[in-house]
Amino acid sequence: MSPALVLALLGCGAALDPVPGTTARLDAPAAQVANRRDLAVRVFRDADECAAVVHEVEACVPWLDRATGQVRLAFRLELDGQPKAAALTEENVEIFHKSQQVKEGEDVRVEIIPHDPERTPRLFVLLLDASGSMAIDDEGKGQTRMDLVRAALTRRDVVDAFFGAESQNAVIPLVFSGEGPPRPLGGRWVVTSAAEWTGLVRDHLQVSAGYTWLYQAVEFATGSLFDVPEVARSLTARTREPVVIALTDGFNNQSGDDVCATNAPRLERLLAHLDEVRRGTRTSLERRPLVFTVGLGRAAWRNVPVIESTSVRASQICKGFGDVRIDGELERAGVDNAALDRIARTGGGSVFVRRDTRGLAEAFKAAAATRYGWFEARYQVDPFHLRRSFESRLRLLTAGGPTANLVFQPSGWIDGPPGVADEDGWTRRAPLAATLVTALGLLACFVVLAYLPAAFVNALRLLRGRVRI
Amino acid sequence: MRRRRPGIDWRGVKLAIIPYTWARHTQPALLAAGAAVAAWWAVITASVAWQPWGPSWDGPVYLGALVGAVVAASLGGERRVRAERGWRAFAWPALAAVIGAFGTTFWLMIHGRWIAPLLFGEADAGEASLVSLRYHLAHWLLAGGMVGLCCAAARRGRGLLVQFGAGLAAGLAGAAAWYVAGYARFSVGPMDLYWGSCVGAIAFAATFGALGWGLPEELYVGWIRVVSPVLFGTRVPVDGRDGRARERFVGNWRRGLDLRLPEDGQVSELHVSIGADGEGGYRARGLTQGRTHVVRFLERIDLRYDPARPAPLETPLSSGDSVVLGDGTSVVEFVRLPVDEA
């Protein structure tokens, strides 16, 4: 019978989960209430949970090193209880320690480490703005905005990101301008090879006349598009997961009279649609797209507030410029990054605003980045902040901001052996035998100290001739 | 009188027992510190490997184990050097003291957790995970007090105040070491409560070991031992284990002397006497007009008998003093050896 069991039978076993290699415990998890389909963050609590879903159990189990102030938790995303691979970085996850956000800085480190790269094929829907403004040459170097996009889309690294070696990804290139649903580029709904893609972009990606019906295009690309037979076949044939990447160079602008405030109810409708297709019960799991937005140009708005709701007020996306006409006036300020941010958040993706080919390429690659099955969230704070019970909370920067937390209850008296530092400065669990080494080393010192004076006295007596050998 | 054994003669100071030097006072401290380290290791190992208890038990288990180990080490250490009592007479009181110390400390700490917030008027005082010297100092003092009381009880009340005071001092030392070593801001390198709890345990035990019970003088008796070439190593005890004062005479008288030295070294028939003063001290008394010196570090005392004085000259002796007789070829030393040697 193990000592733990004996003590548990005696009534002193606690309903707390141990943190392996430490003397800390984890509070019992709070009851989860799920009343609709939603993205959730699941933090792994113990080795059993980890062993059931990952191979690297050691990296997955929570860890706390009070000598250095380091905390590590592992998590994965789940959609309706099913694991959901994702491409997350420090920019997509907020970490809170005792309700205080942990931000990289002096003596504070944050790192998100992905594990188990996902091999599930994806269907990229590239939604490209082909409105008249894409013909503008911003730099005066004879290179239009559309030229920048074309160059970015045909770069080797971007093509590799879409059609990586041995991947079974496919791309749906759509262009939008003016009223009506977006059109497939070159009449091709689904492109599955890098060569075909490159040729298609070079030969057919052109500017056309018309206003920027961005919201309508996004709504189509995340809804009706999947009813197109070719697209539906492509989705189901290889169980590809849809990823929508929408690129624009300005504001949603459906007529010459549109002012900024006109977009508020339109955006609200779009966000409600996105919320439904991503989290509602009417959309099947395989049709739930991830939505990224890419702005070409400079951001029109500074200090865009983070708003998770799908309701939109004009003041939120226009600030004091609600009555300003978009065409020819507001669009000169740049890209409507406030609206793009709301779309990406609700769509579960990220927003990128870039001004050149390289920046666009980085944005496309980030959107098409490899997704991972689970992640480690590591952070380091002043060890002082680990000297009482604390909550570590993760918050995903997407719509709804799913969160998960662990409440650590470290010991108020003792600690396990300090972690062993890796090359990158993060520590890992030290073997329990380290305590034995410490104890035996100390006992050896005491024995030496106990005998040293006697040995010294005898040595001295020997030198003085008081004893003989 | 014992004969010198062939080969290595370690009888002057036996390594297996504690020599009469200043360092003997460190032995109880080292023994208690060793026991404390063993207890600390057991608690850490159990806590990390199984975590069978909740955070609120960490303190009581840690200090309870520490208190039990220190009591066991202190009483066991005394039994080790004072072997006149039988094992049974020692074991039951010692066992009761260890169990009592552990149980009382544990029980009081468990229940003190509910009282602390009331005493301090702060809810934080009851949080098991809070690392705080302010709220833990009382626990350390409690542990120290329990060590002192339980050791004194097992010793039938002998040295109660000294041991209780030593226990409180041990509590203060342990708390200070635990806090400073466990707080990275005070430490040179990255430290946490792994080292803090270890250093705290050592400081606690060593302080009590050093202050609570020192090796008493009564455990050592004086011997005269020849260190000059002829009769090298021959030795006689100055007093016996009955505690009564005795006097040993050294000279070359053929009959009846306690230690007879060769005549050719100008040693008188009755040259010097070395005796116990009945109060734990020893004295050398010169009995002849021949050369008689007591030599110790940076000091030489002439004990030659002066007929003009009404009484012989005498001087207190310390362990390691040499007495040079006659022309210097005859030298005896005075050493204090553990009573077991007698």
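A.B. asks: Go over the overall build of chain B, please, and point to the residues and values.
C.D. replies: When helices and strands are tallied, chain B shows 6 helices and 11 strands. Counting across all 342 residues of chain B, residues that qualify as buried make up 54%. Sequence-distant contacts, at least 24 apart, represent 60% of the contacts inside chain B between residues at least 6 apart. A total of about 15,400 Å² of accessible surface is found on chain B, and carbon and sulfur atoms cover 62% of it.

A.B. asks: Explain the side chain of R461 of chain A to me, using residue names and the numbers behind them.
C.D. replies: Note that R461 of chain A resides in helix α13 (residues 433-463). By relative accessible area, R461 of chain A is classed as buried at 8%. Engagement of the side chain of R461 of chain A in a polar contact is seen with the side chain of E333 of chain B, the distance being 2.6 Å.

A.B. asks: Which residues make up the confidence of the model for chain A, and what values go with them?
C.D. replies: With 92% of its residues at a pLDDT of 70 or more, chain A has an overall mean of 85. Here helix α1 (residues 3-9) of chain A stands out as the element of chain A with the lowest mean pLDDT, 48, in contrast to helix α7 (residues 214-221) of chain A, whose mean of 93 is the highest.

A.B. asks: Summarise the sheet that holds strand β15 (residues 348-354) of chain A; cite the residues concerned and give the values.
C.D. replies: Residues and elements named next belong to chain A. One open sheet holds the 6 strands; their spatial order is β12-β11-β10-β13-β14-β15, and the pairing between them is mixed. The open sheet has two free edges, formed respectively by β12 (183-184) and β15, since each of these has just one partner strand. Bridge count for strand β10 (residues 122-129) against strand β11 (residues 170-176) is 7 bridges, and the pairing is parallel. Directly across from L123, in β11, lies its bridge partner A170.

A.B. asks: Let's hear about the interface of chain A and chain B: which residues, and what values?
C.D. replies: Taken residue by residue, the interface counts 57 residues in chain A and 67 residues in chain B. Between chain A and chain B lies a buried interface of about 5,400 Å² when both sides are counted; carbon and sulfur atoms form 63% of it. In terms of surface lost to chain B, no three residues of chain A exceed R387, W413 and R468 of chain A, which account for 18% of the buried area on that side. Taken together, chain A and chain B are joined by 4 salt bridges. Between R466 of chain A and E333 of chain B there is a salt bridge, with its nearest N and O atoms 2.7 Å apart. Our count for the contact surface shared by chain A and chain B stands at 22 residue pairs in polar contact (both at pLDDT 80 or more).

A.B. asks: Describe the domain arrangement of chain A, listing the residues and the values that go with them.
C.D. replies: Parsing chain A into structural domains produces domain 1 (3-118 + 373-428), domain 2 (122-369) and domain 3 (433-469). Look at where the C-alpha atoms of domain 1 of chain A and domain 2 of chain A centre, and you get two points 35 Å apart.

A.B. asks: A description of helix α1 (residues 27-49) of chain B should follow, citing residues and the corresponding values.
C.D. replies: The first and last C-alpha atoms of α1 of chain B sit 33 Å apart over 23 residues, in line with the 33 Å expected at 1.5 Å per residue. Q51 of chain B lies just past α1 of chain B and shows a positive phi near 45 degrees.

A.B. asks: I'd love a proper account of the packing of helix α2 (residues 55-81) of chain B against helix α3 (residues 87-120) of chain B, names of residues and values included.
C.D. replies: All names here are of chain B. Between α2 and α3, the shortest axis-to-axis distance is 8 Å and the interhelical angle comes to 160 degrees. Judged on the interaxial angle alone, α3 and α2 are roughly antiparallel. Once α2 is placed against α3, the crossing between them reads as right-handed.

A.B. asks: Explain the state of the cysteines to me, using residue names and the numbers behind them.
C.D. replies: Inspection of every chain in the model, using the stated rule, returns 2 disulfides over all chains. Each disulfide pairs two cysteine sulfurs, and for C260 of chain A the partner residue is C318 of chain A, the sulfurs being separated by 2.0 Å. Between C260 of chain A and C318 of chain A, the S-S torsion sits near -95 degrees, and that sign places the bridge as left-handed. Of this pair, C260 of chain A sits in the loop between β13 (241-248) and α9 (263-279) while C318 of chain A sits in helix α10 (residues 314-318), and the two are 58 residues apart along the sequence. Residue C260 of chain A is classed as buried on the basis of its relative accessible area, which comes to 1%. Regarding the disulfides, chain A carries the connectivity 1-2, 3-4 under sequence-order numbering of its bonded cysteines. Here C151 of chain B stays free of any disulfide, with the sulfur of C150 of chain B as its closest cysteine sulfur at 7.3 Å.

A.B. asks: Can you break down the pattern of salt bridges residue by residue, with the values?
C.D. replies: Two side chains of opposite charge can pair, provided their charged atoms sit close to one another. All names here are of chain A. As enumerated under the stated definition, the model contains 41 salt bridges over all chains in all. A salt bridge links D160 to R156, with the shortest nitrogen-to-oxygen separation between them at 3.6 Å. One end of the pair, D160, and the other, R156, are both in helix α5 (residues 156-162), 4 residues apart, so they sit about a helical turn from each other. Accessibility expressed as a relative area gives 36% for D160, which makes it partly exposed. R156 gets classed as exposed once you look at its relative accessible area, which sits at 60%. When the shortest N-O distance is used, the salt bridge between R266 and D258 registers 2.8 Å.

A.B. asks: For the domain arrangement of chain B, give the residues involved together with the corresponding values.
C.D. replies: Under the domain assignment used here, chain B contains domain 1 (22-215) and domain 2 (220-338). Distance from the C-alpha centre of domain 1 of chain B to the C-alpha centre of domain 2 of chain B: 47 Å.

A.B. asks: An account of the sheet that holds strand β1 (residues 220-226) of chain B is needed here, citing residue identities and associated values.
C.D. replies: Strand pairing in a sheet relies on backbone hydrogen bonds, with the paired strands running either antiparallel or parallel. All names here are of chain B. Sheet architecture is open: 6 strands sit in the order β2-β1-β11-β10-β7-β8, paired in antiparallel fashion. Single-partner strands in this sheet number two, and they are β2 (235-237) and β8 (299-302). Across the sheet, the axes of successive neighbouring strands diverge by a mean angle of 25 degrees, strand direction being ignored.

A.B. asks: Help me get a handle on a nonpolar patch on the surface, residues and values and all.
C.D. replies: Among the surface-exposed residues, W114, I115, L119 and F120 of chain B lie close enough to one another that they form a single nonpolar patch of about 450 Å² accessible area. The residue I115 of chain B is located in helix α3 in this model.

A.B. asks: Summarise α3 of chain B; cite the residues concerned and give the values.
C.D. replies: All names here are of chain B. With 34 residues, α3 should cover 50 Å at 1.5 Å per step; its first-to-last C-alpha distance of 46 Å lies within 8% of that length. Most pronounced at R113, the bend in α3 amounts to some 45 degrees, and the proline P117 follows within four residues. Restricting attention to buried positions, one finds in α3 the residues F90, A94, A97, A101, T105, F106, M109, I110, G112 and A116. Considering only its buried residues, α3 is in contact with α2 and α4 (133-154). Count one or two residues on from α3 and you reach G121, which has phi positive near 70 degrees.

A.B. asks: Could you give an account of the pairing of strand β6 (residues 282-286) of chain B, with specific residues and numbers?
C.D. replies: Residues and elements named next belong to chain B. Of the two faces of β6, the one lined by Y282, A284 and G286 is fully buried and the one lined by R283 and R285 carries no buried residue. Note that strand β5 (residues 272-276) and β6 share 5 bridges and pair antiparallel. Across the sheet, the residue bridging to A276 is Y282, located in β6. As consecutive antiparallel partners, β5 and β6 are separated by 5 residues, and within that stretch G278 has a phi angle of approximately 80 degrees, a positive value. Taken together, the 3 bridges between β6 and strand β9 (residues 314-316) define a ladder with antiparallel strand orientation. Considered in β9, the bridge of A284 is made with T315.

A.B. asks: Give me the environment of F364 of chain A: which residues, what numbers.
C.D. replies: Examined against the element boundaries, F364 of chain A turns out to sit in helix α12 (residues 357-367). Residues within four places of F364 of chain A in sequence aside, it is in contact with L126, A152, L153, V158, F162, I245, L247 and V294 of chain A.

A.B. asks: Describe the pairing of β13 of chain A, with residues and values.
C.D. replies: For a regular strand, the rule is simple: side chains alternate between the two faces of the sheet. Residue and element names in this part refer to chain A. Across the 8 residues of β13, 7 count as buried, placing the element largely inside the fold. Examined bridge by bridge, β13 and strand β14 (residues 290-296) share 6 bridges and lie parallel to one another. Its bridge partner being in β14, A246 is matched across the sheet by T293.

Definitions and cut-offs
Residues numbered from 1 in each chain as written. Chains lettered and ligands numbered in written order. Predicted model: local features only at pLDDT ≥ 70, side-chain atom pairs only at ≥ 80, totals over all residues. Heavy atoms only, no water. Helix = DSSP H or I, 4+ residues; strand = E, 2+ residues; numbered from the N terminus. Buried < 20%, exposed > 50% of the residue type's maximum accessible area, 1.4 Å probe, protein only. Contact = heavy atoms within 4.5 Å. Areas by Shrake-Rupley, 256 points an atom, 1.4 Å probe, with all protein chains shown as cover. Polar contact = N/O pair within 3.5 Å; in protein donor to acceptor, adjacent residues only side chain to side chain. pLDDT = per-residue confidence, 0-100. Pairing = 2+ DSSP bridges. Buried area = accessible area lost by both parts, 1.4 Å probe. Salt bridge = Lys/Arg side-chain N within 4 Å of Asp/Glu carboxyl O. Domains from an automatic or database assignment. Expected span 1.5 Å × (residues − 1). Axes fitted to C-alpha atoms, helices over the stretch in contact; angles between N-to-C directions. Parallel < 35°, antiparallel > 145°, perpendicular 65-115°, else oblique. Left-handed = near helix turned anticlockwise from the far one by under 90°. Disulfide = S-S within 2.5 Å. Patch = residues over 30% accessible without salt bridge, like charges linked within 9 Å, V, L, I, M, F, W, Y side chains within 5 Å. Bend = angle between axes of the 7 residues up to and from the residue.

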